[in-house]
Protein chains: 2
Amino acid sequence: MKHHLAAAAALCAATCAFSAEGMWTFDNPPLKAMQHDIGWAPTPAWLDKAMRGSARIADGCSASFVSKGGLVLTNHHCVADCVEQISSAEQDRLQAGFLARRPADELRCEAMEVNRLEQIVDVTAELSQATAGLEGTAYKTAQNAAKARLAAACVGSEGSKRRCDVVDLYRGGQYKLYRYRRFQDVRLVFAPELAAATFGGDPDNFNFPRYDLDMALVRVYDEDRPLAVADYFHINPQGAAAGEPVIVTGHPGETQRELTVAQLALLRDRLLLDDALGLAEYRGLLTAYRETGAEPARMAASELFFVENAYKAVHGELKALMDPALFQRKQDDEAALRRYVAGAPALAASTAGAWDAIARAQKAHGMLYPLHSLLEQGGGFRGDHFRLARMLVRGAAERAKPNAERLPEFHDSALPEMEARLMSAAPIYPAFQKLKLGFALTKLREKLGADEPLVRQVLAKQTPTELAARLVEGTRLGDPAERRRLWEGGAAAIAASDDPFIRLALAVDAQARAVRARFEREVEAVVQKNIELIARARFAMLGDSTYPDATFTLRLSYGVVQGWEERGGQIPPFTQMGGAFERATGAPPYALPPSWLKRQPEIRPTTPLNLVTTNDIVGGNSGSPLLNRQGELVGLMFDGNIHSLGGAYSYDPATNRAVAVHSAGMLEALNKIYGADALVKELGER
Amino acid sequence: MKHHLAAAAALCAATCAFSAEGMWTFDNPPLKAMQHDIGWAPTPAWLDKAMRGSARIADGCSASFVSKGGLVLTNHHCVADCVEQISSAEQDRLQAGFLARRPADELRCEAMEVNRLEQIVDVTAELSQATAGLEGTAYKTAQNAAKARLAAACVGSEGSKRRCDVVDLYRGGQYKLYRYRRFQDVRLVFAPELAAATFGGDPDNFNFPRYDLDMALVRVYDEDRPLAVADYFHINPQGAAAGEPVIVTGHPGETQRELTVAQLALLRDRLLLDDALGLAEYRGLLTAYRETGAEPARMAASELFFVENAYKAVHGELKALMDPALFQRKQDDEAALRRYVAGAPALAASTAGAWDAIARAQKAHGMLYPLHSLLEQGGGFRGDHFRLARMLVRGAAERAKPNAERLPEFHDSALPEMEARLMSAAPIYPAFQKLKLGFALTKLREKLGADEPLVRQVLAKQTPTELAARLVEGTRLGDPAERRRLWEGGAAAIAASDDPFIRLALAVDAQARAVRARFEREVEAVVQKNIELIARARFAMLGDSTYPDATFTLRLSYGVVQGWEERGGQIPPFTQMGGAFERATGAPPYALPPSWLKRQPEIRPTTPLNLVTTNDIVGGNSGSPLLNRQGELVGLMFDGNIHSLGGAYSYDPATNRAVAVHSAGMLEALNKIYGADALVKELGER
């Protein structure tokens, strides 16, 4: 990666101040680079406070503590599922927004879990020892068992309050045990209207200038009382100036910067292409479904939001990989590393074959992938019911085994989160489930072929639509009490159940486990083992001044507030609240909500609303705090520009920009538009 | 192309008898190759009869005359639009099928035109002379004018009965004037139920084994009486045996086998990818729309059929181009030709720069393409109303000019077909038009960006859905009489019209013409001029034993009845009618219609139903006759297997197969299932 950094810095010399590349772990912060690039580096105390002030929303977002009373700031789109779930046909809180004027009005987000990182411990030696000399299934089994053992020991008897994960950093170059404080009682405090949070909708998504109040506040409770928090970020009402250094502490989900060329080629030629096509078709389906009535529109809203966002992201990643220049750079990087390995006899003996082994595993991946994604990953049975049935069926079988022998998702350390998801009271809409499942079953037949035995077994004489209707109409899994009964009843309850989804999940389970086992043996274990070797070779060549691919764990990114050049023009780094009114047409997605229109005279039009920075962030960073050098919150990350989508594979300092809600805009809105006096007061307390 | 032929023949020696590559023009039949490959070659008389027995359906299919009373055989999917148009909510002829037991019951297909090729004349010299020394717009204008002049002289005063087109063969290596007899009174005689014609639906499309009765019969009328036909194909009730030589005479629409590597790269990295994504999303939209009721299902049926077929085709083409081996072969071929050119000084002087010129034009293509496809090609205004409004607005302006100065689609020779389409009484469903237009306007905004002036001009303060509703509700263009009034009223009537679609078409016309002009100048003219040079260099290198890319003109393809090897197993070349009953589940798309189920006891189950052959065909060949050496019809082409989709770029004799309805199956169905005694008798007459 140093090679990249150097190349980027050279480019930057001409077009910007420095390179802001990197998503750095908190136990290896790039202090020297920061000092060099932004003339400042954090102290251990700064880092410590930032770590405990930052938070993760377990299903895929970032967040931060912003008051001593347990208020947590994140994006609206990170709580949209919750807002939808506490809505009804009569009371559409997604459209109308939500504000709890006092704690008693705060509403529980059933499926939401907040994690706060407390400790990182290096367990590389333990993992290396556990898998020494092993291959394939044995390697994977031993690694899973070691991870389960370490995580279980870390959690101890604190399952409901503590979460521990063994994280593969540098694709296995290092293993670290991450220990979190786990919060499962999370309540919604404030969410603006969807129209304000997603102003500009899909057309403006991944674009800038931008005018979104994509913020929400939840509160973490402990033993039914607001959590008392020592480390939180004070919101700075002035925000940051253009050119000012800024730091993001958040949880980037996944990057592919360390992949081999063979892996990137499979992504480009097959996986991303299939993903993009699947998302495009599903998007069309949801778009037309939404038009069929107010209730379908409400049911499909957050799914459509997710799908449009994912489609744009996957499409952007695909286009990045299809750029011959980017691919050539990847090939050059790999060739340089392979030359280095070939020139060092000991390294060559262990590692020279790693790239070819991974290339062979990609062939297996390409072959196994349709069945693996449709059957084991559930793509052919899309919807909540099958997902729940699979959890119940496997949960019964797996929990009967010793912890270390289970599938990793059923390790004791993972069960609390799984149980929370399983028992969630979030409503499941049968009509919408039928649509999703019917679509998925059609894809199952389309991708595997009508003559595939599995397809004949599942569909028998029914159409996908008929089968979906029969399953959804016949199931009782929509009722959390029934799920609890089956979960607690274990294998006997599962065996006795005549629920059609339980029967379906049982009927395909052996085949699903078989393709998973083969995928793990022929693809994952091979890649894991060999990419570790490559990672170690890269360490040998470049030293430790590199950062690992994103893993949805806490990372630090530094940068500055800065626009960029687009088609010869300069995009300024800030937008203002007045701009939202100028851009509004009155028609979605450019319709401001009534609250904004009503309060327009009181809003200072020059108040900054959104801004862009050079921070290197990706999906999963949504909701991350943007901090100044004083550790104050000056913004809330919610997006990247269109060029940032290539960030999955590399960072381009000239054009890759992160997009944030400005602290001043958030406070102005809470004050002037929503009259959230108590919240503003709480946020202002030191 | 000889290089390819040679390579294919070498491969074939191991796996099959010969290479059947090539879509040959009737004035350059591959007699020697046929004699060598299948031990037989047609006589001039055979070719002459085959030419006049073959026919084209003007909007994109092939067909053939099969009785002296003007019966024309084609695919069901080639007449599905007509069947839909003569249907109503009360009488769904797409589902129920249609049989006219006597001529008086035959129903007019308003929008259908049949062409029969009568003569081919070489006009290369005229065209070369007209464009000598010209570049860019001047080149294009001179060429259009010369083509218009030649076509007009050929049509003379016979516009309603004669059609003449100047065809660019070998991408301009040759120009030929094709003269057709034009038939505009076409009436539906027989169409089976959609369930029988498309049994297996989208899952089985482009697959084999297959069980489709994808046939239909129409009758051509002249002066309100059935056309008397001298040259037609007798249907041979036995069909062809495995291994028997067979000939297809049809109208392959378009291939890209002569494109340069730069053109193929743009297709792969941009155009096909965008097409596939757009089709996938539109497919999802139509799928969900179809589920909203019986009437939407009926309105969307043929569009969904078209979209699913196109999606599979484009996806297959994209995957073919993403195959590194195919692309490498194209690069090698091009390198060989460039070396040949470089080694011949005179050729080098004229042609060495042609590839780079085309590569530069591809850059311009990539840049202009969004606006060109959305605005000039109408992709941003999808639906019938805008298409009609554009015809009317441009027709008024263009017809006021001298013939040779008009846009080519308004040349006198093209006006009869345009008028027929314009005045067609085919119904236009407002609800469905709103869906399509709303979708298209959303894409317009998405692809150009919300800040693009054109988007702001078109949408103003409305959402795409609102605008689509307002336009469709306000238009009178659904009425053929109103269209006739505007067409005949010319520029004055257009200027006076307040129809919202006319106003829209007028408002964007200058911008649309501007991007078209730029596209023609910077892309088309450059490619045309330079690919002609490359075509001539290829002639110099390879002689005339090559065939031109498909141009939706009559071609001959030879091959044999033969299956292929798939995943180690052998796919047999025939399916039988009994197989359809075995495959039927009772649920769409595997539900046989009641007529089949009722007559099952009488149907001989071993009757061949579908077959595969090695003929090299592509889209546009649908409905082509499959002939034996005696010039008898032994099958009706309706599809290719999944490997045939790469046929856009190259032909692989090992796996590329054409799919046909067997003559025996057609006759058995007409006899036993549909009791079409009079038709069977007419088809049997010599």
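To start, this report covers the structure provided alongside it. Starting afresh in each chain, residues are numbered from 1 along the sequence in its written order. Lettering for chains starts from A, numbering for ligands starts from 1, and both go in the order in which the items are written. Local features in a predicted model are, by the rule used here, given only for residues with pLDDT of at least 70; side-chain atom pairs are given and counted only at 80 or more, and totals for whole chains, interfaces and linings are based on all residues. To obtain the side-chain values, all non-hydrogen atoms of the structure were included, while hydrogens and water were left out.

Quick look at the overall build of chain A
Helical segments are the DSSP runs of H or I of at least four residues, strand segments are the runs of E of at least two, and each set is numbered from the N terminus. From N to C terminus, chain A includes 26 helices and 21 strands. The atom set for the radius of gyration is the C-alpha atoms, and the globule formula is 2.2 Å times the number of residues raised to the power 0.38. Against the globule reference of 26 Å for 686 residues, chain A gives a C-alpha radius of gyration of 25 Å, in line with a compact fold. Relative to its 686 residues, chain A shows a buried fraction of 62%. When the accessible surface of chain A is summed, it comes to about 25,300 Å², and 54% of that surface belongs to carbon and sulfur atoms. Working definition: with a 1.4 Å probe on protein chains only, accessible area under 20% of the residue-type maximum means buried, over 50% means exposed, and in between means partly exposed. Calculation of accessible area relied on Shrake-Rupley with a 1.4 Å probe; when residues are assessed, cover is drawn exclusively from the protein chains displayed.

Structural notes on the interface of chain B and chain A
With 42 residues of chain B at the interface, the matching set in chain A holds 42 residues. Throughout, buried area stands for the accessible area (probe radius 1.4 Å) lost by two parts on being put together, summed over both. Carbon and sulfur atoms make up 61% of the area that chain B and chain A hide from each other, which totals about 3,200 Å². It is Leu277, Glu281 and Met322 of chain B that lose the most area in chain B upon contact with chain A, and together they represent 18% of the buried surface on that side. Salt bridge, as used here, is a side-chain nitrogen of Lys or Arg placed within 4 Å of a carboxyl oxygen of Asp or Glu. The interface formed by chain B and chain A contains six salt bridges. Glu446 of chain B serves as the salt-bridge partner of Arg283 of chain A, at 2.7 Å between the closest nitrogen and oxygen. Listing elements by their share of the side of chain B that touches chain A, those giving two or more residues are helix 9 (201-204), helix 10 (261-290), helix 11 (294-321), helix 17 (430-448) and helix 19 (464-474) of chain B. Contact definition: two residues touch when any of their heavy atoms are within 4.5 Å.

Points about empty space enclosed by the protein
To locate leftover empty space, one rolls a probe as large as a water molecule over the atoms. In this analysis the probe radius is 1.4 Å and the grid spacing 1 Å, with only protein atoms considered; a cavity is a set of points the probe fits into but cannot get out of, a pocket is an open set with protein on both sides within 12 Å along at least five of seven lines, and lining residues have an atom within 4 Å of a point. Grid points are joined across faces, edges and corners, and a volume is the space filled by probe spheres set on the points. Under the criterion given, the structure shown has four cavities of 30 Å³ or more. Approximately 70 Å³ is the volume found for the largest cavity. Here the residues of the lining of the largest cavity sort into six nonpolar, two polar and two charged. Gly falls in the polar group here, along with every residue not listed as nonpolar (Ala, Val, Leu, Ile, Met, Phe, Trp, Tyr, Cys, Pro) or charged (Asp, Glu, Lys, Arg).

Side note on the packing of aromatic side chains
Any two of the Phe, Tyr and Trp rings considered here, Trp counted by its six-membered ring, make a pair once their centres fall within 6.5 Å; the pair's planes then place it as stacked at under 30 degrees, edge-to-face at over 60, or tilted in between. Under the definition given, this model contains 24 aromatic pairs over all chains. On the numbers, 5.7 Å between centres and 15 degrees between planes, the contact of Tyr289 of chain A with Phe432 of chain A is stacked. Of this pair, Tyr289 of chain A sits in helix 10 (residues 261-290) while Phe432 of chain A sits in helix 17 (residues 430-448); the two residues are 143 residues apart in sequence, bridging distant segments of the chain. A single burial state applies to Tyr289 of chain A and to Phe432 of chain A, both of which are buried. Aromatic pair Tyr282 of chain B and Phe439 of chain B: ring centres 5.3 Å apart, planes at 20 degrees, arrangement stacked. Of the two residues, Tyr282 of chain B is situated in helix 10 and Phe439 of chain B in helix 17; the sequence distance between them amounts to 157 residues. Given the relative accessible area of 6%, Phe439 of chain B is considered buried.

Description of the relation of the copies chain B and chain A
Superposition of the copies was done by least squares, using only C-alpha atoms of residues whose pLDDT is at least 70 in both. For the pair chain B and chain A, the relating rotation is 180 degrees, the translation along its axis is 0.0 Å, and the fit reaches an RMSD of 0.0 Å. On this basis, the relationship between the two copies can be described by a two-fold rotation axis. Interface overlap between copies is the fraction of interface residues in one copy that are interface residues in the other; for chain B against chain A it reaches 100%, indicating a shared surface.

Considerations on unusual backbone geometry
All names here are of chain A. Backbone torsion omega between Phe208 and Pro209 reads 10 degrees, so that peptide bond is classified as cis. Tracing the backbone through its elements, the reader meets Pro209 in the loop between helix 9 (201-204) and strand 11 (216-222). Despite not being glycine, Tyr170 has its phi angle at roughly 50 degrees, a positive value. Inspection of the secondary structure puts Tyr170 in the loop between strand 8 (162-169) and strand 9 (174-183). The backbone of Arg171 sits at a positive phi, close to 50 degrees, despite the residue not being glycine. Structurally, Arg171 is set in the loop between strand 8 and strand 9.

Here's the deal with the environment of Leu444 of chain B
Locating Leu444 of chain B in the fold gives a position in helix 17. If we skip the residues at most four places from it in the chain, Leu444 of chain B touches Leu374, Gly380, Phe381, Gly449, Leu454, Val455 and Val458 of chain B.

Side note on the packing of helix 11 (residues 294-321) of chain A against helix 17 of chain A
Residue and element names in this part refer to chain A. Packing of helix 11 against helix 17 leaves a shortest axis separation of 9 Å and a crossing angle of 45 degrees. The angle between the axes of helix 11 and helix 17 places the two elements in the oblique class. With respect to the hand of their crossing, helix 11 and helix 17 are arranged in right-handed fashion. Contact residues: helix 11 offers Met299, Ala300 and Glu303, while helix 17 offers Ala431, Phe432 and Lys436. Each residue belonging to the contact of helix 11 with helix 17 can be placed in one class, and the counts come to four nonpolar, no polar and two charged. Every angle, taken between N-to-C directions, lies between 0 and 180 degrees, and every axis is a line fitted to C-alpha atoms, over only the stretch in contact when it is a helix. Reported orientations rely on four angle classes, namely roughly parallel under 35 degrees, roughly antiparallel over 145, roughly perpendicular from 65 to 115, and oblique for the rest. Handedness of a helix crossing follows the sense of rotation of the near helix relative to the far helix, less than a right angle counterclockwise being left-handed and clockwise being right-handed.

Remarks on the nonpolar core
Counting 76 residues, the largest nonpolar core has Tyr649 of chain A together with Tyr649 of chain B as the members making the most contacts within it. Residue assignment for this core shows that the elements contributing at least two residues are helix 10, helix 11, helix 12 (324-342) and helix 17 of chain A together with helix 10, helix 11, helix 12 (324-342) and helix 17 of chain B. Once residues within four sequence positions are removed from consideration, Tyr649 of chain B is found in contact with Gln256, Arg257, Leu264, Leu267, Leu272, Glu317, Ala320, Leu321, Leu326 and Lys330 of chain B. We call a set of buried residues a nonpolar core when its members are Ala, Val, Leu, Ile, Met, Phe, Trp, Tyr or Cys and they connect through side-chain atoms within 4.5 Å of each other.

Description of the sheet that holds strand 21 (residues 658-662) of chain A
Residues and elements named next belong to chain A. DSSP-based pairing: two strands are paired if at least 2 bridges between them are found. Sheet architecture is open: eight strands sit in the order 1-14-13-19-20-21-18-17, paired in antiparallel fashion. A strand with exactly one partner marks an edge of an open sheet, and here the two such strands are strand 1 (24-25) and strand 17 (574-576). Taken together, the three bridges between strand 19 (residues 625-627) and strand 20 (residues 633-640) define a ladder with antiparallel strand orientation. From the neighbouring strand, Pro625 faces strand 20, where its bridge partner is Leu636.

Topic: the state of the cysteines
All names here are of chain A. The rule for a disulfide is simple: a pair of cysteine sulfur atoms within 2.5 Å. One pass over the structure, following the stated rule, counts six disulfides over all chains. A sulfur-sulfur distance of 2.0 Å marks the disulfide that ties Cys61 to Cys78. On the S-S bond that ties Cys61 to Cys78, the torsion sits near -80 degrees, and the link is left-handed. Of this pair, Cys61 sits in strand 3 (residues 61-65) while Cys78 sits in helix 4 (residues 76-85), and the two are 17 residues apart along the sequence.

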